[in-house]
Amino acid sequence: MQLLGHLPAMSAAEVKARIARAREASKVWRRSSFSQRRKLLRILLKFIVENTETICRVSARDSGKPLLDAIVGEVVVTCEKIHWLCKEGERYLRPESRSSGIMSFYKAARVEYIPLGVVGAIVPWNYPFHNVLNPLTAALFAGNALVIKVSEHASWSTGYYGRMISSALAAAGAPSDLVQIVTGYGEAGNALVTGGVDKVIFVGSTQVGKLVMRAAADTLTPVVLELGGKDAFIVTEDADLDQVVQISLKAAYLNCGQNCAGGERFFVHDKVYDKFLERVTPLIRNLRQGNPLGPQPVDCGAMCMPGLAEKVHGLVEDAVARGALLLAGGKLRSASEAGGQFYPPTLLADVRPGMKIWEEEVFGPVMSVVRWSTDDEVVALANDCPFGLGSSVFAGSQRRARAIASRLEAGMSAINDFGTTYMCQSLPFGGVKHSGFDRFAGIEGLRGLCVPKSVCEDRFPLLMKSSIPPPWEFPVKSNAVAFGRSLVAMFYGPGLIYQAAGLAALLHCLVFPGAHGKTARGAGKSKAA
Ligand SMILES: NC(=O)c1ccc[n+]([C@@H]2O[C@H](COP(=O)([O-])OP(=O)(O)OC[C@H]3O[C@@H](n4cnc5c(N)ncnc54)[C@H](O)[C@@H]3O)[C@@H](O)[C@H]2O)c1
């Protein structure tokens, strides 16, 4: 809650000017080779590896997260992404052959992945470094320019990160205007959506996602919506509790719970419910919270967005008033008293439908525990939620965990683990229901930053070309329809006899153009017709 500096709240005109600069740069970069793009990413990667701690300290100062959370959530995932793009990105952006079907058997078909041009990204404050590098690395690798609007709650760090990006562009010989960072409020974000970019990747709340989609409709700008989440974390009676306990704490309290794909709803089987609570309660009560840049290591840091601690506390109070058990945390201190906006790691047991916390995204350090006893029941409880981003299922048998996960309404499922679908950068990231649609990251997300252009050409140009068959030439002949019917029967008829009859009828049409009435009967003509 201290002033770090000032940055411009850009006007719509300034945002448009940034898009125009990016547009010019994109015209150069779209012709770059994959090896040039890899060179740029490797320069970034080298800088990140050599300056990991500084990157984390800058993120901690801007967002209040502990350094370890920054290493895991900001640096490791970014390095993993760059590594994946360099290793496999080209394979998925090269032209891809496709089958040409029956009628076009003499054609070669393929998809070419053409850079979109200028990608616009609007991102939140929870991971100031990764939220910038995530769209940046993919958009540039796919041959685009990027205009990125960072959050008004985490803009200061873009000074350092922006210098890193500019230096990397210069060192790689890429156009200096290829990446434009926009600072400001919602109006600047709106100007980006309506300012003529070729696609918008919006990462933020469901509420603002709807505004973005509405604004994008005017210009028919495609949008990817990566919205809120309220992930289910399911524990069966035979799960390995030693493994589950520590992972569940990370799922709930990493980055002080400010994760879109964070564990919020912990469904624990009746038979191990009390044991689970006995194990996690003392650990949660003993988590150390404080200044992430102080002399002592801390387990939990601060909340970033002003007012978020009050909002989280409101949800906890409502749950307790409606019968939930408060087993740890749950006390709100003022920012001046606490030395910042801190909300303690909180544990609620016996959470049930009807409480606000059952439905609303918390986006804070609260583990809500729910009791269940049959697999059908837990699937129904987990799916009783407006969000559907990530999920985790822990069971003694991987088969049972997989069976439960397959029934969850979620974009991602980690089996006997948490968050691994995000670490595997070849996988698409995204949700269902109010968590948004379309995918960012992974093969699908990378290709989504391109126009998938369909191309079809002659497979043997010297031997065979398209020509209009005589019955169909203008003016069309009287046997044109009979010829068409024969063709359909020959290619798609059910069985060889039917197809042979079609071929005979087709030849008859060609040899006796005037005798169509008799010849086509029976071949390709249904009884009803
Ligand atoms: N699914 C994901 O990948 C993902 C990742 C991180 C966070 N989130 C979600 O983000 C939310 C928290 O972030 P937040 O509070 O910054 O979200 P937010 O929706 O308030 O803001 C996100 C961004 O949108 C901008 N914005 C605000 N009004 C706008 C408008 N009218 N037009 C265009 N842009 C506008 C903001 O300035 C900010 O940069 C949570 O709901 C969380 O679940 C989702």
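This structure is a prediction, so every number in the text was calculated from the model and none was measured. (Residues numbered from 1 in each chain as written. Predicted model: local features only at pLDDT ≥ 70, side-chain atom pairs only at ≥ 80, totals over all residues. Heavy atoms only, no water.)

1. A word on the side chain of Arg 400
Item 1. The topology assignment puts Arg 400 in helix α15 (residues 398-406).
Item 2. Side-chain polar atoms of Arg 400 contact the side chain of Glu 237, separated by 3.1 Å. (Helix = DSSP H or I, 4+ residues; strand = E, 2+ residues; numbered from the N terminus. Polar contact = N/O pair within 3.5 Å; in protein donor to acceptor, adjacent residues only side chain to side chain.)

2. Thoughts on the pairing of strand β2 (residues 107-115)
Item 1. Going residue by residue along β2, you find Lys 107, Ala 109, Val 111, Tyr 113 and Pro 115 tucked away on one face and Ala 108, Arg 110, Glu 112 and Ile 114 left uncovered on the opposite face.
Item 2. For strand β1 (residues 96-98) and β2, the ladder comprises three bridges, and the chain directions are antiparallel. Directly across from Arg 98, in β2, lies its bridge partner Ala 109.
Item 3. In terms of strand pairing, β2 meets strand β18 (residues 450-458) through nine bridges, oriented antiparallel. Bridging across to β18, Ala 108 finds its partner in Glu 457. (Buried < 20%, exposed > 50% of the residue type's maximum accessible area, 1.4 Å probe, protein only. Pairing = 2+ DSSP bridges.)

3. So, the domain arrangement of the protein
Item 1. By the assigned domains, the protein splits into domain 1 (12-227 + 443-455), domain 2 (231-419) and domain 3 (467-523).
Item 2. Taken over C-alpha atoms, the centre of domain 1 sits 53 Å from the centre of domain 3. (Domains from an automatic or database assignment.)

4. Concerning the site of the ligand
Item 1. In the neighbourhood of the ligand, 29 residues make up the surrounding shell, with Lys 149, Glu 152, Ser 205, Leu 227 and Glu 361 lying closest.
Item 2. Separating an oxygen atom of the ligand from a side-chain N or O atom of Lys 149 is a distance of 2.8 Å.
Item 3. With respect to the ligand, the backbone of Gly 204 contributes an N or O atom lying 3.4 Å from an oxygen atom.
Item 4. Against a free-state accessible area of 850 Å², the protein chains account for coverage of 89% of the ligand.
Item 5. Looking at the shell around the ligand, the elements with two or more residues in it are α7 (186-194), β6 (199-203) and α8 (206-219). (Near = heavy atom within 4 Å. Areas by Shrake-Rupley, 256 points an atom, 1.4 Å probe, with all protein chains shown as cover.)

5. What to know about the layout of surface pockets
Item 1. What the second largest pocket holds in volume is close to 1,000 Å³.
Item 2. Of the residues contributing to the lining of the second largest pocket, the split by class is 18 nonpolar, 13 polar and three charged. (1 Å grid on protein atoms, 1.4 Å probe; cavity = no way out; pocket = protein on both sides within 12 Å on 5 of 7 lines; lining within 4 Å. Points joined across faces, edges and corners; volume = space filled by probe spheres on them. Nonpolar A, V, L, I, M, F, W, Y, C, P; charged D, E, K, R; others polar.)

6. Some remarks on the UniProt feature "domain: Aldehyde dehydrogenase" (unreviewed entry) in the protein
Item 1. Mapped onto this numbering, the UniProt entry annotates "domain: Aldehyde dehydrogenase" (unreviewed entry) at residues 3-455.
Item 2. Between the end C-alpha atoms of residues 3-455 there is a gap of 55 Å, over a span that is 45% helix and 18% strand. (UniProt positions renumbered as here; feature names shortened; annotations may be inferred.)

7. Overview of the UniProt feature "active site" (unreviewed entry) in the protein
Item 1. Per the UniProt entry, the sites bearing "active site" (unreviewed entry) are Glu 226 in this numbering.
Item 2. Given the relative accessible area of 4%, Glu 226 is considered buried.
Item 3. In contact with Glu 226, other than residues within four places in its own chain, are Phe 202, Val 203, Gly 204, Phe 429, Gly 430, Gly 431, Ser 435, Asp 438, Arg 439 and Phe 440. (Contact = heavy atoms within 4.5 Å.)

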